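Close look at the chain arrangement
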Amino acid sequence: MKAAVIPALNSTWELRDIPTPKVEAGQVLIKVHATGICFTDIWTTRGAAGDLFPNTPGHEVVGEIVEVGEGVIGRKVGDRVGTTWVQSTCGHCSYCRENLPLSGQAAVNCPDARLTGFTTQGGHAEYIAVTATGTVLLPDGLSYEEAAPMFCAGYTTWSGLRAAEPQPHERIAVLGIGGLGHLALQFSKACGYETIAITHSPDKHELARNLGADLVVADGAELQAAGGADVLLLCSNSYEAGRAAFKGLRHNGRAVLLGLDPFADFTIPTEPQPFFAQRQKFIGATHNGLNYLTEALDLAASGKVKPMIETFPKERIVEAVEKVTAGDVRFRAVITY
């Protein structure tokens, strides 16, 4: 089968012929129809997942089940499904013995977690074998192309909003109108919250309003002047922009870290007021349970949330990676098979 391969650290991706995976007990074989390119794939090229090369990346994977392994229940040939970053865990370590929902926490807490595109073959391939219990059914009417970005970008932003536990009267601010932020704005508006976009880019103001923003500001100072926000969704890769935006977070507010750069450090701001005196919270959020992924997919299927995508056939995946790396895709690149 054809698959994208990262040959070595900091190398250019290649489209190669590799063996089609064999289905083991508890797994299903998916004929991949679409995969999203997440910036984490780019970080993988730079060594974020360690020295695991050559490697086929990709964890925004959707397609059709074509084979079911021994012992699988709840999935059948023909099911339209997707799988995400964490497929399964070991079940025996101290973390697994807490019996928490399958989530991104497992990636750093379970030493033997099966991680799509990291510890096992990723989704930028014509076929992928995955743990059946790590799959989610796609809603009827949602295309493969629009479903793919929901398996990381959508999952992450919706999990972050849910983790902040906003109340009906509260205001939501979204920093960074990009691959994550353009979805976060829509999720917030779909829930009926007063929604504010924070962006330094004047060319994104109209877009932000079209995506649901009631107000657009340039930074935390302007957010503060506009009355502040109770929830701050930090969807930018720039921690410096995140620290600046924190100025507009109200007392008892929650700042949720979503756009994570594994090569940068983050420090909690102490201005304009001492952090402790404001009773503010910083929350880390990634993939917080498959129930949240299902909710995000249902919102996309309803038409209330629509990822902005640019599609590429698999033969152009190297070009797609170059465009994502350069920030020239608005806003999610999707590979079709």
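Just above sits the structure.
So, here is what we can say about the structure in this document. (Residues numbered from 1 in each chain as written. Predicted model: local features only at pLDDT ≥ 70, side-chain atom pairs only at ≥ 80, totals over all residues. Heavy atoms only, no water.)

With respect to the overall build of the chain
What the chain contains, in helices and strands, is 10 helices and 17 strands. The globule rule puts the C-alpha radius of gyration for 337 residues at 20 Å, and the 20 Å found for the chain is close to it. Principal-axis analysis of the C-alpha atoms gives the chain an extent of 60 × 45 × 40 Å. Here the chain, with 337 residues, has 53% of them falling under the buried criterion. (Helix = DSSP H or I, 4+ residues; strand = E, 2+ residues; numbered from the N terminus. Rg over C-alpha atoms; globule rule 2.2 N^0.38 Å. Buried < 20%, exposed > 50% of the residue type's maximum accessible area, 1.4 Å probe, protein only.)

Considerations on the packing of helix α4 (residues 153-164) against helix α9 (residues 290-302)
The geometry of α4 relative to α9 is characterised by a closest axis approach of 9 Å and an angle of 110 degrees between their N-to-C directions. It follows from the interaxial angle that α4 and α9 lie roughly perpendicular. Along its contact with α4, which presents Gly154, Tyr155, Trp158, Ser159 and Arg162, the element α9 presents Leu290, Tyr292, Leu293, Glu295, Ala296 and Leu299. Of the residues assigned to the contact of α4 with α9, the class counts are seven nonpolar, two polar and two charged. (Axes fitted to C-alpha atoms, helices over the stretch in contact; angles between N-to-C directions. Parallel < 35°, antiparallel > 145°, perpendicular 65-115°, else oblique. Contact = heavy atoms within 4.5 Å. Nonpolar A, V, L, I, M, F, W, Y, C, P; charged D, E, K, R; others polar.)

Some details on the packing of aromatic side chains
One pair of aromatic rings is described through two measures. These are the centre distance and the angle between the planes. All chains considered together, the criterion is met by four aromatic pairs. A ring pair is formed by tryptophan 158 and phenylalanine 187, whose centres lie 5.2 Å apart and whose planes are at 45 degrees; its orientation type is tilted. Of this pair, tryptophan 158 sits in helix α4 while phenylalanine 187 sits in helix α5 (residues 181-190), placing them 29 residues apart in sequence. The class of phenylalanine 187 is buried, set by a relative accessible area of 0%. (Phe/Tyr/Trp six-rings, centres within 6.5 Å; stacked < 30°, edge-to-face > 60°.)

Describing the nonpolar core
One finds Val62, Met150, Leu185, Phe187 and Leu233 to be the most contacted residues of the largest nonpolar core, which totals 47 residues. Of all the secondary structure elements, the ones that give two or more residues to this core are α3 (144-147), α4, β10 (171-175), α5, α6 (205-210), β13 (229-234) and α9. In this structure leucine 185 touches Val174, Ile177, Thr195, Ile196, Ala197, Ala208, Leu211 and Ala213, once residues within four positions along its chain are discounted. (Core = buried A, V, L, I, M, F, W, Y, C linked by side-chain atoms within 4.5 Å.)

Thoughts on α4
In this model, α4 (12 residues) spans 17 Å end to end at C-alpha, consistent with the 16 Å of a helix rising 1.5 Å per residue. Buried residues dominate α4, accounting for 10 of its 12 residues. Those residues of α4 not exposed but buried are Ala153, Gly154, Tyr155, Thr156, Thr157, Trp158, Ser159, Gly160, Leu161 and Ala164. At the exit of α4 stands glutamate 165, carrying a positive phi of roughly 50 degrees. (Expected span 1.5 Å × (residues − 1).)

Here we look at the sheet that holds strand β14 (residues 249-257)
Read from one edge to the other, the open sheet built from six strands follows the order β12-β11-β10-β13-β14-β15, with strand pairing classed as parallel. Taken across any chain shown, the strands that pair with only one partner, and hence form the sheet edges, are β12 (215-217) and β15 (281-284). Across the sheet, the axes of successive neighbouring strands diverge by a mean angle of 20 degrees, strand direction being ignored. Here α5 sits on the sheet and contacts β10, β11 (194-198) and β13; the angle it forms with β11, its principal contact strand, is near 165 degrees. (Pairing = 2+ DSSP bridges.)

As for the environment of serine 103
Of note, serine 103 is situated in the loop between β6 (86-88) and α2 (106-109). In sequence terms serine 103 and glycine 289 are 186 residues apart; their C-alpha atoms lie 4.7 Å from each other. Ignoring any residue separated from it by four or fewer positions in sequence, one finds serine 103 in contact with Val86, Tyr95, His287, Asn288 and Gly289.

Here we look at the pattern of salt bridges
Per the counting criterion, the structure on display carries 15 salt bridges. In this structure, arginine 332 and glutamate 60 form a salt bridge, with 2.8 Å as the shortest nitrogen-oxygen distance. Placement of arginine 332 in strand β17 (residues 332-336) and of glutamate 60 in strand β4 (residues 60-68) is noted, with a sequence separation of 272 residues between them. Of the residues examined, arginine 332 reaches a relative accessible area of 8% and is grouped as buried. Residue lysine 76 pairs with aspartate 79 through a salt bridge whose shortest N-O separation is 2.9 Å. (Salt bridge = Lys/Arg side-chain N within 4 Å of Asp/Glu carboxyl O.)

A word on α9
Quick reminder: α-helices carry 3.6 residues per turn. Residues three or four places apart thus point the same way. If you check α9, its first and last C-alpha atoms are 18 Å apart, about what 13 residues at 1.5 Å a residue would give, namely 18 Å. Turning to α9, its buried residues number three or more, namely Leu290, Tyr292, Leu293, Ala296, Leu297, Leu299 and Ala300. For α9, the secondary structure elements touched by its buried residues are β9 (135-137), α3, α4 and α5. Phi turns positive, to about 90 degrees, at glycine 303, one or two residues after α9.

Describing the packing of α4 against α5
Where α4 meets α5, the axes come as close as 9 Å, and the angle between the chain directions of the two elements is 50 degrees. As judged from the angle between their axes, α4 and α5 are oblique. Crossing of α4 against α5: the hand is right-handed. Along the contact surface, α4 presents Ala153, Gly154, Thr157, Trp158 and Leu161, while α5 presents Leu183, Ala184, Phe187 and Ser188. Classifying every residue of the contact of α4 with α5 by side-chain character gives six nonpolar, three polar and no charged. (Left-handed = near helix turned anticlockwise from the far one by under 90°.)

Re the environment of glycine 248
Checked against the element boundaries, glycine 248 lands in the loop between α8 (239-245) and β14. Glycine 248 gets classed as buried once you look at its relative accessible area, which sits at 2%. With near-sequence residues (within four places) excluded, glycine 248 lies in contact with Gly220, Leu223, Gln224, Gly228 and Ala229.

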